Amino acid sequence: MGDEYPTLFRSEQMSLVQLIVPTEVAHDTIAELGELGNVQFKDLNPNVNPFQRSFVGEIRRIDEMARRVRFFASQIEKEKEPVPIRPLYDSAPLVTVGPRAAQTIDELDVKLAEHEARLTQMNESYQLLSERLRELVEARHVLRETAAATRETEVRNSLDDSSAPLLQHDDREQQYSSGELQFDLEFVAGTIDRARLSTFERVLWRVLRGNLYMNYIDIQEPFIDPATGAETRKNVFIIFAHGDILLGKIRKVAESMGATIYPIDVNADKRADSMREVTGRLEDLQIVLYNTGASRRAELTTVGESLASWQDVVSKEKLIYETLNLLNYDVRRKTLIAEGWCPTRDIPQIQLALRHATEESGTNVPPILHELRTNRTPPTFHRTSKFTEGFQTIMDAYGIATYQEVNPGLFAVITFPFLFAVMFGDIGHGFIIFFAALSMILFERKLGKADLGEIFGTFFFGRYIILLMGVFSIYTGFLYNDIFSKSLHLFHSGWDFPEQHGNETVVGASNGHTYPFGIDPAWHGAENGLLFTNSYKMKMSIVLGVIHMTFAVCLQVPNHIRFKRYSDIYTNFIPQMIFLQSIFGYLVICIIYKWTVDWSKASTQPPSLLNMLIGMVLSPGQVDPETQLYPGQSTVQVILLLLAGVCVPWLLITKPYLQYQEMKRVQGQGYIGLGADDAPRLTDDTTLEGEEEGNGRAIAEANDEEHEQHDFSEVVVHQVIHTIEFCLGCVSHTASYLRLWALSLAHAQLSEVLWDMTLANVLGMPGLVGIVALVIVGVLWLVLTISILCVMEGLSAFLHALRLHWVEANSKHYEAGGYQFVPLSFARLNEKQ
């Protein structure tokens, strides 16, 4: 049990626990632990095929139930009008633990099967009725267009016969009047997909060699497939031809092109009777189809009432049985054996949950929990709140911390928004993102239940990060005295300007006052204002960068003490700190000292610190008296350079030498490994005591775990790489912090350009035109400010702050060699859904 109170400074202490669970309470025990959400189970059957495990049958049954639930959800989604789904928090809970758990699951399985059978039958009936309705609609169109086409053909034939001789015409009338049939037309009629019509026409023309007369008409309304919802547009075609052979060829071609042929009678009276029959059947079918659709929707509405609770139960049951498959069955004791990691301080809660599971199941045999001793590395678990979760996620994206390692996510709560604000410093822009984050926090309950999408959901997840970024941006905005590229006159300025005559240059004179906080507003608008702010922000970036890196190097000490690597303090930490401070710490002190000197009264000119640093390395001991920063400068720089030079071999040699001596000491005691390359196994009293107490399995697994065993040559190579990386990294990382200056400069200049190109042009316009122009341009300025300066520039500053933490800071101390604690948790399951 852990005596220390858990904080975000380190990951929580973890314990490997063993559970001996009676078979009859196994399901309820896992369900109770899933609700608790603080046990990560180990797979005790790694060599068993997933299809040969104990609860495969139950998982298959739950998978079938999950398939039915997904089928219901897909049917509800396909509905044109939305079907209401009762949310989970408003649904009646299904009790799946206790003596009636098996009966509840059986009843749910039967209920899902019945709903699926009814819905499947209704879908088939609806699809069949829709197909018949489509056929009847097509037949009605074909009958209607056939009647119109034959009437047109009869009129055309009568006009052609009017040019015949009169006597011949009389004879033909007598001949026709003696027969039963007055006029006979041979044709094929049907419908075809509009996309295939032109191909169909060309094929017929080539097959029949032009011996046909074809007429086609568009059907205006589309046909919708009830199964897929796809729209199909069709045309009615009527093909006149002579002879059974040609008609047979036309039917074969039409069927091969996917057309539907309808047997239309030649006689007009019979066609009229067919039209009346089709119309009557169509009306009856529409009524039946409407009733079927209403019944199907009523069924879906019933399903929607319980769909959320079914999804919850099915997903939880599947997770429970998948976890049960990780357990090992003890044939002798008729129990299930489970092992897993949990936070040490949560063991009393787990014991209460086990007792509650026993009471719920109605049995008298409780599960047994005892803590195992092991050398295996536990998972890393940081207990976060909704405030710290976002910052911890940023650090976890770089790498999961080693168990009990110092967690940089704690310090990122302050350093991350502050470094962001250094690049984003503006009072107005800070207020915008602050109020945006504040609104998301005030309505977080409502927004948390809504589907926000991927982009806005990401912003909502980081709402507390954005809140602090806004607060710190307001603070740095006051430091820069910048609000939408304008300055605030909060205090008395330290400069006075005489009255300007014409375009002459006016030189400001100091009035003896000192602006108490931030940059004096007199610098805004001055010709040399950009030079001043550039120099100020550049030096400030170096100061902040060296402080940040120094703090990151100092975080090595708690790790070395915690992991009992005391030699690393004087083989790694001390030489790294001396090297960093002798060059770049000295540069920071010179920057601050140079700020404190009144160079208008000094006897020498202010030196260039960059040239000073270069000369310190390239020409040690030589300082120009005219640009000397302080007396004795050359001596101090030589001493610091010698210290930095000594630190390089110190880093290279001491740690490999100590490890070499340790290896010789162990070999001198006569210990050898079991294998040729094995290191000696040093077994302490705790391990032997654990083996005597029956923890041999966990200890054997810990010994089987791969530990990093390096020979002496690998240690030397690793230390050489580490030394070169640190020494060169100090230079490159210090230069990398200049991005703070570059991004701050870019943000300020973009803000000023946007103001000058928009509002500055309309603020002085008089009259109604000026008011209208001010409103229009003001809206444009606000939109561009939010979209470009707040969103785009904010994302850019966010990424740069992220890089400064991941690369420049974390590389100094963060090992990130752990693995995430992933407990069995129903809450995480609901979040994924």
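Since this is a predicted model, take the numbers as computed values, not measurements.

### A word on the overall build of the protein
Item 1. Secondary structure assignment for the protein yields 25 helices and 13 strands.
Item 2. Looking at the protein as a whole, 42% of its 833 residues qualify as buried.
Item 3. Within the protein, residue pairs in contact and separated by at least 24 positions form 80% of the contacts whose partners lie at least 6 positions apart.
Item 4. Accessible area for the protein stands at about 46,400 Å²; split by element, carbon and sulfur atoms hold 58% of it.

### Some thoughts on the sheet that holds strand β3 (residues 187–193)
Item 1. Pairing within the open sheet is antiparallel, and its four strands lie in the order β4-β7-β3-β8. Here the strands that pair on one side only, and so sit at the sheet edges, are β4 (213–218) and β8 (260–262). Pairs of neighbouring strands in the sheet enclose a mean axial angle of 25°, with direction left out of account.
Item 2. Helix α5 (residues 197–208) contacts β3, β4 and β7 (234–240) of the sheet and is inclined by roughly 175° relative to β4.
Item 3. Lying on the sheet, helix α6 (residues 244–256) is in contact with β3, β7 and β8; it crosses β3 at an angle near 10°.

### A few points about the side chain of D426
Item 1. Summarising the element assignment, D426 is placed in the loop between α10 (408–424) and α11 (427–442).
Item 2. One buried charged residue, D426, forms no salt bridge at all, with the nearest opposite charge on K537 at 8.9 Å.
Item 3. Apart from the residues lying within four places of it in its own chain, the contact partners of D426 are S473, I474, G477, D482, I483, F484, S485, H747 and S751.

### A word on the environment of F497
Item 1. If you trace the backbone, F497 turns up in the loop between β12 (495–496) and β13 (509–510).
Item 2. With relative accessibility at 47%, the residue F497 sits in the partly exposed group.
Item 3. When the C-alpha atoms of F497 and N511 are compared, they prove to be 9.8 Å apart, with 14 residues separating the residues in sequence.
Item 4. When residues no more than four places from it in sequence are discounted, the contact partners of F497 are V506, V507, G508 and A522.

### Side note on helix α1 (residues 26–36)
Item 1. Of all eleven residues making up α1, eight are buried, and the element is well covered by its neighbours.
Item 2. Buried within α1 we find A26, H27, D28, T29, I30, A31, L33 and G34.
Item 3. Downstream of α1 by one or two residues, G37 has phi in the positive range, about 75°.

### Looking at empty space enclosed by the protein
Item 1. This structure, assessed with the given rule, holds one cavity of 30 Å³ or more.
Item 2. In this structure, the largest cavity occupies an estimated 100 Å³ of space.
Item 3. The wall of the largest cavity is formed by 13 residues, among which P408, F411, H548, F551 and A809 lie closest to the centre.
Item 4. Considering every element that reaches the lining of the largest cavity, the biggest residue donor is α10, with four residues.

### Side note on the nonpolar core
Item 1. Core analysis: the biggest nonpolar cluster contains 69 residues, and F416, F579 and L740 have the highest contact counts within it.
Item 2. Apart from the residues lying within four places of it in its own chain, the contact partners of F579 are A644, C647, V648, F726, C727 and C730.
Item 3. Judged by nonpolar contacts, the second largest core, of 45 residues, contains A26, F71, Y321 and I347.

### Here we look at unusual backbone geometry
Item 1. At Q404, a residue that is not glycine, the phi angle is positive and equals roughly 70°.
Item 2. Note that Q404 resides in the loop between α9 (389–398) and α10.
Item 3. With phi around 70°, S485 is a residue other than glycine that occupies positive phi space.
Item 4. The topology assignment puts S485 in the loop between α14 (463–480) and β12.

### Brief notes about the environment of L336
Item 1. Mapping L336 onto the fold places it in strand β10 (residues 335–343).
Item 2. Judged by relative accessible area, which is 4%, L336 ranks as buried.
Item 3. Once the C-alpha coordinates of L336 and L324 are considered, the two residues, twelve residues apart in sequence, prove to be 8.6 Å apart.
Item 4. In this view, L336 contacts L19, I20, V21, A26, F55, L324, L327, N328 and Y329; residues no more than four positions away in its chain are not counted.

### Focus on the pattern of salt bridges
Item 1. As enumerated under the stated definition, the model contains 33 salt bridges in all.
Item 2. Between R665 and E662 there is a salt bridge, and its shortest N-O distance comes to 2.4 Å. Linking R665 with E662, this pair stays in helix α19 (residues 633–668), spanning three residues, or about one helical turn.
Item 3. By relative accessible area, which is 44% here, R665 ends up partly exposed.
Item 4. The exposure class of E662 is partly exposed, given its relative accessible area of 39%.

### Thoughts on the pairing of β7
Item 1. For β7, the buried fraction is high: seven of the seven residues fall into the buried class.
Item 2. Of the two faces of β7, the one lined by K234, V236, I238 and F240 and the one lined by N235, F237 and I239 are each fully buried.
Item 3. Where β3 lies against β7, seven bridges are found, and the strand directions are antiparallel. Pairing of I192 across the sheet is with N235, part of β7.
Item 4. Across six bridges, β4 lies against β7 in antiparallel orientation. In the sheet register, D218 faces β7, and the bridge partner there is N235.

### Points about the packing of aromatic side chains
Item 1. Going through the model one piece at a time under the given rule, you end up with 26 aromatic pairs.
Item 2. Ring geometry for F532 versus Y536: centroids 6.4 Å apart, planes at 5°, classification stacked. With F532 and Y536 both in helix α15 (residues 529–554) and four residues apart, the pair spans about one turn of that helix.
Item 3. Judged by relative accessible area, Y536 falls into the partly exposed class, the value being 23%.
Item 4. Taken together, W523, F532, Y536 and W595 form an aromatic cluster joined through their ring pairs.

### Observations regarding the environment of R803
Item 1. Structurally, the position occupied by R803 is in helix α24 (residues 767–809).
Item 2. Overall, R803 belongs to the partly exposed group, its relative accessible area being 32%.
Item 3. As for R803 and S736, which are separated by 67 residues in sequence, their C-alpha atoms are 9.6 Å apart.
Item 4. Excluding residues that lie within four positions of it along the chain, R803 makes contacts with S736, R739 and E808.

### Describing a nonpolar patch on the surface
Item 1. There is a patch of nonpolar side chains on the surface, built from I455, F456, F459, L782, I786, I788, V791, M792 and L795 and spanning about 790 Å² of accessible area.
Item 2. Sorting the residues of the nonpolar patch by element identifies α13 (453–461) and α24 as the ones contributing at least two each.
Item 3. For the nonpolar patch, the element with the most residues is α24, which contributes six residues.
Item 4. Following the sequence through the fold, L782 ends up in helix α24.
Item 5. For L782, a relative accessible area of 40% corresponds to the partly exposed category.

### Quick word on helix α8 (residues 347–361)
For an α-helix, the turn length of 3.6 residues means that residues three or four places apart are oriented alike.
Item 1. For α8, which comprises 15 residues, the first-to-last C-alpha distance of 21 Å matches the rise-based estimate of 21 Å (1.5 Å per residue) to within 8%.
Item 2. Packing partners of the buried residues in α8 comprise β1 (14–22), α1, β10 and β11 (368–372).
Item 3. Remark: G362 follows α8 within two positions and exhibits a positive phi of approximately 80°.

### Some remarks on the confidence of the model for the protein
Item 1. In the predicted model, the protein carries a mean pLDDT of 84, and the fraction of residues at 70 or more is 88%.
Item 2. Across residues 155–183, confidence stays below pLDDT 50; counting only partners more than four residues off in sequence or on other chains, it has five contacts.
Item 3. The model gives residues 675–682 a pLDDT under 50, and that stretch makes ten contacts with residues more than four places away or in other chains.

Criteria and cut-off values
- All chains use their own residue numbering, which begins from 1 and follows the written sequence.
- Local features in a predicted model are, by the rule used here, given only for residues with pLDDT of at least 70; side-chain atom pairs are given and counted only at 80 or more, and totals for whole chains, interfaces and linings are based on all residues.
- To obtain the side-chain values, all non-hydrogen atoms of the structure were included, while hydrogens and water were left out.
- Secondary structure is summarised from DSSP: a helix means a run of H or I of at least four residues, a strand means a run of E of at least two, and numbering begins at the N terminus for each.
- Only protein chains enter the accessibility calculation, which uses a 1.4 Å probe; a residue whose area is less than 20% of its type maximum is buried, one above 50% is exposed, and one in between is partly exposed.
- Two residues qualify as a contact provided that any one of their heavy atoms is within 4.5 Å of a heavy atom in the partner residue.
- Method for areas: the Shrake-Rupley scheme with a 1.4 Å probe, in which residue coverage is limited to the protein chains shown.
- In this description, strands pair whenever DSSP reports at least two bridges between them.
- Axis geometry follows a simple rule: fit a line to the C-alpha atoms, using only the stretch in contact for helices, then measure angles between N-to-C directions, giving values from 0 to 180 degrees.
- The charge count treats Lys and Arg as positive and Asp and Glu as negative. His and the chain ends do not count.
- Salt bridge, as used here: a side-chain nitrogen of Lys or Arg that lies within 4 Å of a carboxyl oxygen of Asp or Glu.
- Two kinds of site are reported from a 1 Å grid over the protein atoms alone, namely cavities, where a 1.4 Å probe fits but cannot get out, and pockets, open sets with protein on both sides within 12 Å along at least five of seven lines, and residues are called lining when an atom falls within 4 Å of a point.
- Grid points are joined across faces, edges and corners, and a volume is the space filled by probe spheres set on the points.
- Take the buried Ala, Val, Leu, Ile, Met, Phe, Trp, Tyr and Cys residues and link them wherever side-chain atoms come within 4.5 Å; each set so joined is a nonpolar core.
- Here a Phe, Tyr or Trp ring, Trp counted by its six-membered ring, pairs with any other such ring whose centre lies within 6.5 Å, and the pair is stacked when the planes are under 30 degrees apart, edge-to-face when over 60, and tilted otherwise.
- Only residues whose relative accessible area exceeds 30% and that form no salt bridge are eligible for patches; like-charged ones are grouped when within 9 Å, while nonpolar side chains (Val, Leu, Ile, Met, Phe, Trp, Tyr) are grouped when within 5 Å.
- Multiplying 1.5 Å by the residue count of a helix minus one yields the expected span of that helix.
- As a per-residue measure, pLDDT reflects the predictor's confidence and takes values from 0 up to 100.

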